[in-house]
Amino acid sequence: MPQTLDSSRPLRLSDTRRMTDRVAQGAEESRQDALLGLPPVNLREIQDDDETFLAEVSTSDVEGEWNTFDDPPEERLSGTNYGGGARIVEIDARTRVGIVTWVQIPHGPNRRSLAWNVGITIHPAFRGRHIGAAAQRAVADHLFGTSDANRVMAHTDIGNIAEQRSLERAGFSREGIARGAQWRQGAWHDGVIYSRVRSD
């Protein structure tokens with residue numbers, strides 16, 4: 001949870017330093033995004049009036065060949081069971097353009113070895129403008145800022161060149177191939193693993 005100031009006590013030097021640090025961090029992230037050629041995006045909580053938009057971006061026409069799964073509903077995993085979450089991606093003062101999601105992935109038997117795995121769907125009308133890269137960079141920054149995880153990763157199909165370029169533009173590093181990792185549309189598919197760590 002973000003820290004808030006208690007208005008009932010005097011403002012302390014440590015409070016102003018924290019506020020200054022947060023402003024400086026936000027300014028630095030905006031500067032880095034500009035250097036990478038990324039547009040400004042906003043990630044916000046899902047609301048009731050997003051239902052129609054979410055239904056639209058969940059269709060096979062929007063999700064496309066790389067993200068369309070034909071498993072029955074009872075076979076689909078819920079992100080809420082894996083410490084997951086989701087945000088609406090917006091541009092230009094509340095123009096909805098997509099959704100980002102994340103779940104926890106264990107890399108050991110202890111809590112500190114949990115990493116985040118992120119996913120994204122951008123509406124076709126807004127693709128080709130680096131919005132996906134900006135949103136994936138923003139969600140990684142959000143997860144680093146709100147958890148103690150050291151690693152944010154992403155998995156994409158080996159044939160999804162556009163998403164691979166998007167992740168690289170977002171500052172993720174290509175790590176290797178996960179062979180036969182994803183069951184989709186009646187076959188096993190190889191994936192490419194990307195990651196960012198805190199020291200990047």
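Position numbers for residues count from 1 along each chain, tracking the sequence in the order it is written. The predicted nature of this model means local features are confined to residues of pLDDT at least 70 and side-chain atom pairs, given and counted, to a pLDDT of 80 or more, with totals for whole chains, interfaces and linings taken over all residues. Remark: hydrogens and water are excluded; side-chain values derive from all non-hydrogen atoms of the structure.

(A) Looking closely at the packing of aromatic side chains. Geometry of aromatic contacts follows a simple scheme: Phe, Tyr and Trp rings, the Trp one being its six-membered ring, pair when their centres are within 6.5 Å, and the pair is stacked under 30 degrees between planes, edge-to-face over 60, tilted otherwise. Going through the model one piece at a time under the given rule, you end up with 1 aromatic pair. For the ring pair Trp183 and Trp188, a centre distance of 5.2 Å and an interplane angle of 65 degrees mean the geometry is edge-to-face. Note on exposure labels: buried denotes an accessible area under 20% of the residue type's maximum, exposed denotes more than 50%, and partly exposed covers the range between, all computed with a 1.4 Å probe on protein chains only. Exposure remark for Trp183: the relative accessible area of 37% places this residue in the partly exposed category.

(B) Looking closely at the packing of helix H4 (residues 131-146) against helix H5 (residues 161-169). Where helices are involved, their axes are fitted lines through C-alpha atoms of the stretch in contact, as for all axes, and angles between N-to-C directions lie from 0 to 180°. We count a stretch as a helix when DSSP gives it H or I for four or more residues in a row; a strand needs E for two or more, and each element gets its number in order from the N terminus. Running from N to C, H4 and H5 cross one another at 50 degrees; their axes reach a closest spacing of 8 Å. The angle between the axes of H4 and H5 places the two elements in the oblique class. Seen along the crossing, H4 lies across H5 with a hand that is right-handed. Residues Gly132, Ala133 and Gln136 of H4 lie in contact with H5, whose contacting residues are Glu163, Ser166, Leu167 and Arg169. If an angle is under 35 degrees, it is roughly parallel; if it is over 145, roughly antiparallel; if it lies from 65 to 115, roughly perpendicular; otherwise it is oblique. Handedness of a helix crossing follows the sense of rotation of the near helix relative to the far helix, less than a right angle counterclockwise being left-handed and clockwise being right-handed. Residues count as neighbours in contact if any of their non-hydrogen atoms are within 4.5 Å of one another.

(C) Region of the structure containing the pattern of salt bridges. Should a side-chain nitrogen of Lys or Arg be within 4 Å of a carboxyl oxygen of Asp or Glu, the pair is scored as a salt bridge. Throughout the structure, instances matching the rule amount to 10 salt bridges. Between Glu90 and Arg44 there is a salt bridge; the shortest N-O distance is 2.4 Å. On the criterion of sequence distance, the pair formed by Glu90 in strand E2 (residues 85-91) and Arg44 in strand E1 (residues 42-44) is long-range, its members being 46 residues apart. Arg44 shares its class with Glu90; the two are buried. Asp148 is paired through a salt bridge with Arg111; the nearest N and O atoms lie 3.2 Å apart. In this pair, Asp148 is assigned in the loop between H4 and strand E5 (151-157) and Arg111 in the loop between strand E3 (95-106) and strand E4 (114-122), connecting sequence segments 37 residues apart. Exposure remark for Arg111: the relative accessible area of 53% places this residue in the exposed category. Connected via shared salt-bridge partners are Arg44, Asp50, Glu90, Arg94 and Arg96.

(D) Expanded view of the nonpolar core. By size, the foremost hydrophobic cluster in this structure holds 26 residues, and its most contacted members are Val97, Val118, Ile131, Leu143, Val152 and Phe172. Secondary structure elements with two or more residues in this core: E2, E3, E4, H4, E5 and strand E7 (187-197). Sequence-distant contacts of Leu143, defined by excluding residues within four places in its chain, comprise Trp102, Trp116, Val118 and Val152. Ranked by size, the runner-up nonpolar core spans 7 residues in total, among them Phe53, Val62, Ala86 and Ile99. Take the buried residues of types Ala, Val, Leu, Ile, Met, Phe, Trp, Tyr and Cys, join any two whose side-chain atoms come within 4.5 Å, and each joined set is a nonpolar core.

(E) Focus on the pairing of E5. Burial analysis of E5 places 6 of its 7 residues in the buried class, which makes it a mostly covered element. Pairing between strands is defined by DSSP: at least two bridges between the two strands are required. Across 3 bridges, the pairing between E4 and E5 is parallel. Bridging across to E5, Asn117 finds its partner in Met153. One ladder, built from 7 bridges, connects E5 with E7; its direction is antiparallel. Paired with Val152 across the bridge in E7 is Arg196.

(F) Spotlight on the side chain of Ser166. Here Ser166 shows up in helix H5. You can call Ser166 buried: its relative accessible area is 14%. Reaching out from Ser166, the side chain makes a polar contact with the side chain of Gln136 at a distance of 3.2 Å. Ignoring anything within four residues of it in the chain, the contact list for Ser166 reads Gly132, Ala133 and Gln136. Polar contacts, as used here, are pairs of N or O atoms within 3.5 Å; protein pairs need one atom able to donate a hydrogen and one able to accept it. Residues neighboring in sequence count only if both atoms are side-chain atoms.

(G) Structural context of the sheet that holds E5. The strand order across the open sheet formed by 7 strands is E1-E2-E3-E4-E5-E7-E6, and the pairing between neighbours is mixed. Each end of this open sheet is capped by a strand with a single partner; those strands are E1 and strand E6 (173-184). Each adjacent strand pair in this sheet contributes to an overall mean axis angle of 35 degrees, direction not counted. The strands touched by H4 within the sheet are E1, E2, E3, E4, E5 and E7, with E4 carrying the most contacts at an inclination of about 155 degrees. Those strands touched by H5 are E4, E5, E6 and E7, and its axis lies near 160 degrees from that of E5.

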